[in-house]
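One letter stands for each residue in the lines below.
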Amino acid sequence: MLCRTLPSGKPDCRNIQFSSRGHKPLSMGGDHGHSKLSMPDWRQWKVEGTPLEFTQKRLAARGLKDPWARNEAWRYSGGFARAVTLSDVLLRGFKWGFAAFTVALAVEYTLFPPKKGGH
């Protein structure tokens, strides 16, 4: 049992559980060491240099503006900027799959050699 002092100055002695870091009281179900999800700053995404810039220019020519374009700009930066090709899809995991096949084949021929002769 731990005691803490309330703002009124009175001691509060209850059974308080703390997280693994020891600084934050746990709620029911426990925190399990996870902290609050941190969101990236919205100002880091820029429409300039993305296909959305062309769309913004076409809208501006008609006197319109897309206020939510910045929310879509993340799709054109970082790891999302590169398009997925057919070879990426077909060859993903091929290296490890071929290695596993080779090992399985070697184990099978070592432990269960084919019978010589006969049908």
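Quick caveat: nothing in here was measured; it's all calculated off a predicted structure. (Residues numbered from 1 in each chain as written. Predicted model: local features only at pLDDT ≥ 70, side-chain atom pairs only at ≥ 80, totals over all residues. Heavy atoms only, no water.)

Participant: Sorry, what's going on with the overall build of the chain here?
Facilitator: Helix and strand counts for the chain stand at 4 helices and 2 strands. Starting at the N terminus, the α and β elements of the chain follow one another as β-β-α-α-α-α. A burial count over the chain gives 8% of its 119 residues as buried. A separation threshold of at least 6 residues defines the contact pool for the chain, and within that pool the share at least 24 residues apart is 21%. For the chain, the exposed surface amounts to about 11,200 Å²; the carbon and sulfur share of it is 62%. (Helix = DSSP H or I, 4+ residues; strand = E, 2+ residues; numbered from the N terminus. Buried < 20%, exposed > 50% of the residue type's maximum accessible area, 1.4 Å probe, protein only. Contact = heavy atoms within 4.5 Å. Areas by Shrake-Rupley, 256 points an atom, 1.4 Å probe, with all protein chains shown as cover.)

Participant: What is the right way to read the packing of aromatic side chains from this model?
Facilitator: Each aromatic ring pair is specified by the distance between its two centres and by the angle formed by the two planes. Under the definition given, this model contains 2 aromatic pairs. Three or more aromatic residues link up through ring pairs in this structure, and these residues are F94, F98 and F101. (Phe/Tyr/Trp six-rings, centres within 6.5 Å; stacked < 30°, edge-to-face > 60°.)

Participant: Quick question: what am I supposed to make of a nonpolar patch on the surface here?
Facilitator: On the surface, a nonpolar cluster with roughly 1,100 Å² of combined accessible area is contributed by V84, L86, V89, L90, L91, F94, F98, F101, L105 and Y109. Among the secondary structure elements, those contributing two or more residues to the nonpolar patch are α3 (86-91) and α4 (94-111). Of the residues forming the nonpolar patch, the biggest block, 5 residues, is contributed by α4. Along the chain, L105 falls in helix α4. (Patch = residues over 30% accessible without salt bridge, like charges linked within 9 Å, V, L, I, M, F, W, Y side chains within 5 Å. Salt bridge = Lys/Arg side-chain N within 4 Å of Asp/Glu carboxyl O.)

Participant: Just checking my understanding: could you explain the confidence of the model for the chain for this structure?
Facilitator: In regions of low pLDDT, the predicted coordinates are not meant to be interpreted in detail. When pLDDT is averaged along the chain, the result is 79; 75% of the residues meet or exceed 70. Within the chain, α4 carries the highest mean pLDDT (95), whereas strand β1 (residues 2-5) carries the lowest (65). (pLDDT = per-residue confidence, 0-100.)

Participant: Just to check I follow, could you spell out the layout of surface pockets for this structure?
Facilitator: Quantified by volume, the largest pocket comes out at close to 190 Å³. Looking at the largest pocket, the residues that line it are K46, V47, E48, E53, Q56, K57, K65, D66, P67, A69 and R70. Mapped onto the lining of the largest pocket, the elements with two or more residues apiece are α1 (51-61) and α2 (69-72). Across the lining of the largest pocket, the residue classes break down as 3 nonpolar, 1 polar and 7 charged. (1 Å grid on protein atoms, 1.4 Å probe; cavity = no way out; pocket = protein on both sides within 12 Å on 5 of 7 lines; lining within 4 Å. Points joined across faces, edges and corners; volume = space filled by probe spheres on them. Nonpolar A, V, L, I, M, F, W, Y, C, P; charged D, E, K, R; others polar.)

Participant: Just to check I follow, could you spell out the side chain of T50 for this structure?
Facilitator: On the secondary structure map, T50 appears in the loop between β2 (11-14) and α1. Looking at T50, the relative accessible area reads 12%, which means it is buried. At 2.6 Å, the side chain of T50 forms a polar contact with the backbone oxygen of V47. (Polar contact = N/O pair within 3.5 Å; in protein donor to acceptor, adjacent residues only side chain to side chain.)

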